[in-house]
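Given next are the chains, with one letter for each unit.
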Amino acid sequence: MIRRPPRSTPKPSSAASDVYKRQPRTSPILAIFDPITLLIAIEEEPFTAALRLTKSSGREVANATTVIPITTLEMLNFKDLKNFLIESEKDELSILILDNIIDPRNLGACIRSAAVLDVDALIINKHHCAPLNDIAHSVSAGGAEIVRTFHISNLINCIKYLKELDIKIFGLSEHSEKNYTENDFTESCAIVMGSEEFGIRKKTLEICDSLIKLNNNKNFKSFNVSVATGIILAEVSRQRKC
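Calculation rules
- Residues numbered from 1 in each chain as written.
- Predicted model: local features only at pLDDT ≥ 70, side-chain atom pairs only at ≥ 80, totals over all residues.
- Heavy atoms only, no water.
- Helix = DSSP H or I, 4+ residues; strand = E, 2+ residues; numbered from the N terminus.
- Contact = heavy atoms within 4.5 Å.
- Areas by Shrake-Rupley, 256 points an atom, 1.4 Å probe, with all protein chains shown as cover.
- Pairing = 2+ DSSP bridges.
- Axes fitted to C-alpha atoms, helices over the stretch in contact; angles between N-to-C directions.
- Buried < 20%, exposed > 50% of the residue type's maximum accessible area, 1.4 Å probe, protein only.
- Salt bridge = Lys/Arg side-chain N within 4 Å of Asp/Glu carboxyl O.
- Phe/Tyr/Trp six-rings, centres within 6.5 Å; stacked < 30°, edge-to-face > 60°.
- Lys NZ or Arg CZ within 6 Å of the ring centre and 35° of its normal.
- pLDDT = per-residue confidence, 0-100.
- Expected span 1.5 Å × (residues − 1).
- Polar contact = N/O pair within 3.5 Å; in protein donor to acceptor, adjacent residues only side chain to side chain.
- Core = buried A, V, L, I, M, F, W, Y, C linked by side-chain atoms within 4.5 Å.

Q: I'd like to hear about the overall build of the protein, residue by residue, with values.
A: Helices and strands together make up the secondary structure of the protein, namely 8 helices and 8 strands. Restricting to contacts in the protein with at least 6 residues of sequence separation, those with at least 24 account for 79%. Element-wise, carbon and sulfur atoms account for 52% of the exposed surface of the protein, whose accessible area totals about 12,800 Å².

Structure representation (structure tokens):
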């Protein structure tokens, strides 16, 4: 259970800072549009995309006129994260932290897994991570519009704050001796994923509560970071549903 600070912390005054409460959820209508078409529509009209389609994803859509509400994706920061953690009604939170992910395709794939597996918050190291650009949005297949994403300048201070709230920090490292299936993810926790080539940065590794690995193969240890993200998040989800 999260040890939250007193709720006296004032909420941000602007409506934009409330965006973590109003990011759109999955809508069945989105399924008939491919990600590229949707991205083009968003660029043409930031708030409402009016699409008149006759064919989509190989299926006939007769006289389809669909209006899709689009919420402008604001850049959420550390202050927004604090407000979210304080106001969240969930006792056991699931958080994904991306440290130094340099390929936007891997970033998008990680976001997609986070959306599928119902991660409560995604924290991106603002200055050591690929930008959340059109490529990342497309690969996320709509996940970027669903997952609450916070861009943090000082990841170390952010992790320290999470630990003050009794959120346990797990870092994935192929050099760890402990397998991920040996850990308890049923309480509030944050999973830290590192770069495709070098893994988690040294300073970030040092502040983690526990380091874990995904497999015991001595000949070939590492997964692609997006695949590894899906595996560990699936285990978190599985344990919480048992």
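Q: Give me the sheet that holds strand β8 (residues 210-212): which residues, what numbers.
A: If you walk across this open sheet you meet the 6 strands as β5-β4-β3-β7-β6-β8, and the pairing is parallel. Every other strand in the sheet has two partners, leaving β5 (149-152) and β8 as the edge strands with one partner each. Neighbour-to-neighbour, the strand axes of this sheet turn through a mean angle of 25°, independent of strand direction. Contacts from helix α4 (residues 104-116) reach β3 (94-98) and β4 (121-125), with the element oriented near 175° to β3. Sheet contacts for helix α8 (residues 225-241): β3, β6 (168-172), β7 (189-193) and β8; angle to β7, the most-contacted strand, approximately 165°.

Q: Quick one: what's the story with the side chain of Asn183, residue by residue and with numbers?
A: Among the secondary structure elements, Asn183 is positioned in the loop between β6 and β7. If sequence neighbours within four positions are ignored, Asn183 has contacts with Phe170, Lys178, Ser210, Ile212 and Gln239.

Q: So what about the pairing of β7? Which residues, and what values?
A: The element β7 is largely enclosed, with a buried count of 5 among its 5 residues. Strand direction decides the pairing type here: β3 and β7, joined by 5 bridges, are parallel. Bridge assignment links Ile95 to a residue of β7, and that residue is Ala190. Where β6 meets β7, 4 bridges bridge the pair, whose relative direction is parallel. Paired with Gly171 across the strands is Val192, a residue of β7.

Q: Describe the pattern of salt bridges, and please don't skip the residues or the numbers.
A: Applying the stated rule across the entire model yields 4 salt bridges. Across the pair Asp120 and Lys90 runs a salt bridge, and its minimum N-O distance is 2.9 Å. Highlighted residues: Asp120 in the loop between α4 and β4 and Lys90 in the loop between α3 (78-87) and β3, separated in sequence by 30 residues. Taking the shortest distance from any N to any O, the salt bridge between Asp209 and Lys163 comes out at 3.3 Å.

Q: Explain the packing of aromatic side chains to me, using residue names and the numbers behind them.
A: Considering all chains together, one arrives at 3 aromatic pairs under this definition. Note on Phe84 and Phe150: the rings are 5.9 Å apart at their centroids and 35° apart in plane angle, and the pair reads as tilted. Residue Phe84 is found in helix α3, and its partner Phe150 is found in strand β5; the two are separated by 66 residues along the sequence. Take Phe84: its relative accessible area is 6%, and that puts it in the buried class. For Phe150, a relative accessible area of 0% puts it in the buried group. Consider the rings of Phe170 and Phe185, whose centres lie 4.8 Å apart with planes at 70°: the pair is edge-to-face. One end of the pair, Phe170, is in strand β6; the other, Phe185, is in the loop between β6 and β7, with 15 residues separating them in the sequence. The same class applies to Phe170 as to Phe185, namely buried. The ring of Phe78 has Lys82 lying over it, and the distance from NZ or CZ to the ring centre is 4.6 Å. Just above the ring of Tyr161 sits the side chain of Lys82; from NZ or CZ to the centre is 5.2 Å.

Q: Hey, could you go over the confidence of the model for the protein for me, with residue numbers and the actual values?
A: Of the residues in the protein, 70% have a pLDDT of 70 or more, and the chain-wide mean is 78. Scored below 50 in pLDDT, residues 13-72 shows 83 contacts in the model against residues more than four places distant or in partner chains.

Q: Which residues make up α4, and what values do they have?
A: Between its first and last C-alpha atoms α4 spans 18 Å; for 13 residues at 1.5 Å apiece the expected length is 18 Å, and the two agree. Buried residues of α4: Pro104, Asn106, Leu107, Gly108, Cys110, Ile111, Ser113 and Ala114, and no others. Taken together, the buried residues of α4 touch β3, β4, α5 (134-140) and α8. Its side-chain oxygen 2.8 Å from the backbone nitrogen of Arg105, Asp103 forms the N-cap of α4.

Q: Before we move on, can you summarise the nonpolar core with the specific residues and values?
A: Buried together is how nonpolar side chains tend to be arranged in soluble globular proteins. In this structure, Leu96, Leu107, Ile191, Met193 and Ile232 are the most contacted members of the largest nonpolar core, which totals 29 residues. The residues touching Ile191, leaving out its near neighbours within four places in the chain, are Ile95, Leu96, Ile97, Phe170, Leu172, Phe185, Ile232, Leu233 and Val236.

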